Amino acid sequence: MKTIAIIPARGGSKRLPHKNRLALGGIPLIVHSILYAQQHDFIDEIYVSTDDEVIKNIALQYDVKVIDRPVAISGDVEPTVSALKNVLEQIAEVVENVILLQPTNPLRPKELLKDAFEVYQKNNCDSLFTVTRNHQKLGKLSNGVYIPFNYTIGQRSQDLEPLFYENGLLYITKANLIKEDIIISDKAFPFEVDHIFANVDVDTKADLDDAEYLYNKLITYNS
């Protein structure tokens, strides 16, 4: 049974138009996830799901398979799992594991996927996703009043209760769960990542500029 990677890349984006094909480090944003997937020999096939002809042509230049995403599941509010299901429906072979790589998280620690997949297999997980510890003092605004959420006023940052956020770097899920509209199950393994790349999620021009800075400082695919 196969392990595949799926990179869902819509053509539209409200806050940063055509973001998945904008240049980062001289290559389109989506290409970073393609190159990352291609570094791992346990991935049998790489699929790009898109409704955009430009993205499709970019992906085909890198020898990956492209699935044309129907308009009905290409809208802003459509969940990612719809695109993953659509890809699985186009594949004749039996797929066991799906690795989701979002193009908006283009920078990933080099060993992250290898290490995460080893944990996924060793622990016989049905799903795994990456998380990062929060180090911010968070609160809520209620009727103009600030109410601390994860701390008390005066508390030191290093004494905060450990809370984590889903960073989006990668997801690994059994294909049968995706067919049931699930990416992260109730028993999903939270794989902790302590790396500056966990803060990179390209949704605005400022995000892209930050990613460009980190790419120029820290990334090389030839290392």
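These notes cover the structure that comes with them. (Residues numbered from 1 in each chain as written. Predicted model: local features only at pLDDT ≥ 70, side-chain atom pairs only at ≥ 80, totals over all residues. Heavy atoms only, no water.)

Quick notes on the overall build of the chain
Filter applied, for reference: Note on conventions: DSSP H or I runs of at least 4 residues are helices, E runs of at least 2 residues are strands, and numbering of each starts at the N terminus. Categorising residues by exposure relies on relative accessible area from a 1.4 Å probe, with only protein chains included: less than 20% of the type maximum marks a residue as buried, more than 50% marks it as exposed, and the intermediate range marks it as partly exposed. The contact definition used throughout considers only heavy atoms, calling two residues in contact when any of these lie within 4.5 Å. Areas reported here follow the Shrake-Rupley algorithm with a probe of radius 1.4 Å; residue values treat only the protein chains shown as occluding. For this count, His and the chain ends are skipped, Lys and Arg are scored as positive, and Asp and Glu as negative. Where a charge lies is defined by one atom per residue type, namely NZ (Lys), CZ (Arg), CG (Asp) and CD (Glu).
For the chain, the helix and strand inventory stands at six helices and eleven strands. Along the three orthogonal principal directions, the C-alpha set of the chain runs to about 60 × 40 × 40 Å. Across the 223 residues of the chain, 48% fall into the buried class. Residue pairs in contact within the chain that sit at least 24 positions apart in sequence constitute 71% of those at least 6 positions apart. Carbon and sulfur atoms form 49% of the exposed surface of the chain, whose accessible area is close to 11800 Å². Side chains of the chain give 23 positive and 31 negative charges; the mean places of these two sets differ by 3 Å.

Here's the deal with the pattern of salt bridges
Selection criterion: For this document, the term salt bridge refers to a Lys or Arg side-chain nitrogen within 4 Å of an Asp or Glu carboxyl oxygen.
The full count for this structure, using the stated rule, is twelve salt bridges. For the salt bridge of K56 with D68, the shortest nitrogen-to-oxygen distance reads 3.3 Å. Placement of K56 in helix α2 (residues 53–60) and of D68 in strand β5 (residues 65–68) is noted, with a sequence separation of twelve residues between them. Residues K114 and E118 are paired through a salt bridge, measuring 3.8 Å at the closest nitrogen-oxygen approach. Of the two residues, K114 and E118 both sit in helix α4 (residues 112–122), four residues apart, roughly one turn of that helix. Residue classification places K114 among the partly exposed positions, given a relative accessible area of 32%.

Regarding the packing of aromatic side chains
Selection rule: Centres within 6.5 Å make a pair out of two Phe, Tyr or Trp rings, where for Trp the six-membered ring is used; the pair is then stacked when the planes are under 30 degrees apart, edge-to-face when over 60, and tilted otherwise.
Counted by the stated rule, this structure contains two aromatic pairs. Both rings, one in F42 and one in F117, keep their centres 4.4 Å apart while their planes meet at 5 degrees; by these two values the pair is stacked. Taken together, the residues span a long stretch of sequence, with F42 in the loop between α1 (29–38) and β4 (45–50) and F117 in helix α4 at a distance of 75 residues. Here F117 falls in the buried class, since its relative accessible area comes to 4%.

A short note on the pairing of strand β6 (residues 95–100)
Just so we agree on the cut-off: Two strands pair under a simple rule: DSSP has to find at least two bridges between them.
Most of β6 is tucked away, with five of its six residues classed as buried. With five bridges connecting them, strand β1 (residues 2–8) and β6 associate as parallel partners. Bridging from a neighbouring strand, I6 pairs with L100 of β6. Judged from the four bridges that link them, β6 and strand β10 (residues 164–174) form a sheet pairing that is antiparallel. Paired with L100 across the two strands is Y171, which belongs to β10.

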